[in-house]
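Report on the structure
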Amino acid sequence: MSFVSRGFRGRRRDDADADARTPPGQYLTDDFPVLSAGPTPHTPLDRWSFEIRGAGEPKVWTWDEFRALPTEKPTVDIHCVTRWSKLDTEWEGVSVDTLLAEAGEDAPFVVAFCDGGYTTNLALEDVTDGKAWVAFAFDGEPLDPEHGGPARLLVPHLYFWKSAKWVRGLQLRDDDEPGFWETNGYHNHGDPWQEQRYWGD
Amino acid sequence: MAGTAVLGRLTWQPAELVEAIDETSRARTLVFDVPEWMQHRAGQHLDVRLTAEDGYRAERSYSIASAPGEPLAITVERLDDGEVSPYLVDELRPGDRIELRGPVGGYFVWEPDRGGPIFLAAGGSGVVPLMSMARTRALDGADVPARLLYSARTLDEVIYREELERLATEQPELDVVYTLTRGQPEGWTGYARRVDGELLAETAWPAHESPLAYVCGPTSFVEAVAEGLVGLGYPPKRVKTERFGATGGR
């Protein structure tokens, strides 16, 4: 059931393209708001590594090794569960496909793990076939620590809490292990076009 | 509540405004009657949905200001270029109905059995979820030592000022400290600057007392306080943060 809010007119855009790219319940912003649950970690690059853990020996890249991998420059729309969306954001990063191919690992689920202890879970199919990156630059500049630098996961087709900041690796798993927000009231999958915001959506 | 508890879907609930309280020239508390509201925990938020006559809708999230068990209240600050907050602060009146969904969020939460001491750090209207914690503590758990550091631009922009002063007077285990960053009344002897490490060292619990910190405000405030507390020896896991979303959106 819904009803009219007396006197509410709202602020419309006259932009059909932007409307079509804005999922239900979201609004567009030109800002880049920051959301995180605790203090911002600051890991020096000489102590940073990225790791893929699976059935075999973990595959580990130092920062220099990671940065020597081929990169891509995706331009994508991003959607935060707190209701802002931002169109045409420009990133540079290493495709998760590239990392998985180098590691030679395969499993149906992954958990991204991060400095600060944050985790988020994803189905493998949500991070493969060109759908996810480990991003180290935004708008042509190194990624700010408050936005997840030195590197964050970028999975733009899901709500942005899945794009884990300060990411340090992916653990491949046979079972689906809910991560930080997924055990704190938020949806396990998080598709913005289905409005999968909270448990039960 | 166990993190793995499975809840049913949170549905939109009709909510009638029963009272509106002007807190400052820019902030208003809205008290709602929601017949089937599920009780929240201090620190959680809710979603608001407004519908225009032609069916256009806008949704936003707001922190809950009331303690569990009190009539459900949010406090909204008007953002001049906002779409929803000017309506909620200036237009909505008692008897009007809107839709609410929630409560939401399971991490930035304090309940009396979490104990303390607790250090609450508020930047501007970031005080709202912390006020829910202070009210919860006052109703149930007043023996938990608590300090609230509240950074506001001026004294006139302090939300809940009378209630905070009353609580601090009535409760020896609660201290409230203000810092006024843009202007101070004549004779002001309190802090008059943005929060820095020295100010935190003077106001926050020492790390060896194992405090739990909750920090809410704009990003620059949260970054400064969270880093300052870690610098004082607080384990990062004991510093919970919540930040405003887009400046232009609410």
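Computed from a predicted model, the values in this text were never measured in an experiment.

The helix and strand inventory of chain B stands at five helices and eleven strands. In terms of principal-axis extent, the alpha carbons of chain B reach across some 55 × 45 × 35 Å. Here chain B, with 250 residues, has 48% of them falling under the buried criterion. Considering only contacts in chain B between residues 6 or more positions apart, those separated by 24 or more positions represent 72%.

Once that is clear, we can look at the sheet that holds strand S7 (residues 119–123) of chain A. All names here are of chain A. Overall, mixed pairing links the five strands, which are arranged S3-S2-S11-S6-S7 in an open sheet. Sheet topology places strand S3 (59–62) and S7 at the edges, where each strand pairs with a single neighbour. With strand direction ignored, the average angle separating the axes of adjacent strands in the sheet is 15°. Direction of pairing for strand S6 (residues 109–114) relative to strand S11 (residues 167–173): antiparallel, over a ladder of six bridges. Across the sheet, the residue bridging to Val-111 is Gln-171, located in S11.

The next point concerns the confidence of the model for chain B. All names here are of chain B. Overall, the prediction assigns chain B a mean pLDDT of 93, with 95% of residues at 70 or greater. In the predicted structure, residues 1–6 sits below a pLDDT of 50 and forms five contacts with residues beyond four places in sequence or in another chain. Every residue in residues 246–250 scores below 50 in pLDDT, and together they form 20 contacts with partners more than four places removed in sequence or on other chains. If you check the scores for this complex, the pTM reads 0.93 and the ipTM reads 0.90.

The next thing to look at is the interface of chain A and chain B. By a frequent convention, interface size equals the accessible area lost on bringing the separate parts together. In this assembly, 36 residues from chain A lie in contact with 43 residues from chain B. Considered class by class, the residues forming the side of chain A that touches chain B number twelve nonpolar, 16 polar and eight charged.

All names here are of chain B. Domain annotation of chain B identifies domain 1 (13–104) and domain 2 (112–243). Once you take the C-alpha centre of each, domain 1 and domain 2 turn out to be 24 Å apart. Listed by partner, the interface residues are 14 residues for domain 1 and 14 residues for domain 2. Within the side of domain 1 that touches domain 2, the residues separate by chemical class into six nonpolar, five polar and three charged.

How each quantity is defined
Residues numbered from 1 in each chain as written. Chains lettered and ligands numbered in written order. Predicted model: local features only at pLDDT ≥ 70, side-chain atom pairs only at ≥ 80, totals over all residues. Helix = DSSP H or I, 4+ residues; strand = E, 2+ residues; numbered from the N terminus. Buried ≥ 20, exposed ≤ 12 C-beta atoms within 10 Å, placed from the backbone. Contact = placed C-beta atoms within 7 Å. Pairing = 2+ DSSP bridges. Axes fitted to C-alpha atoms, helices over the stretch in contact; angles between N-to-C directions. pLDDT = per-residue confidence, 0-100. Nonpolar A, V, L, I, M, F, W, Y, C, P; charged D, E, K, R; others polar. Domains from an automatic or database assignment.

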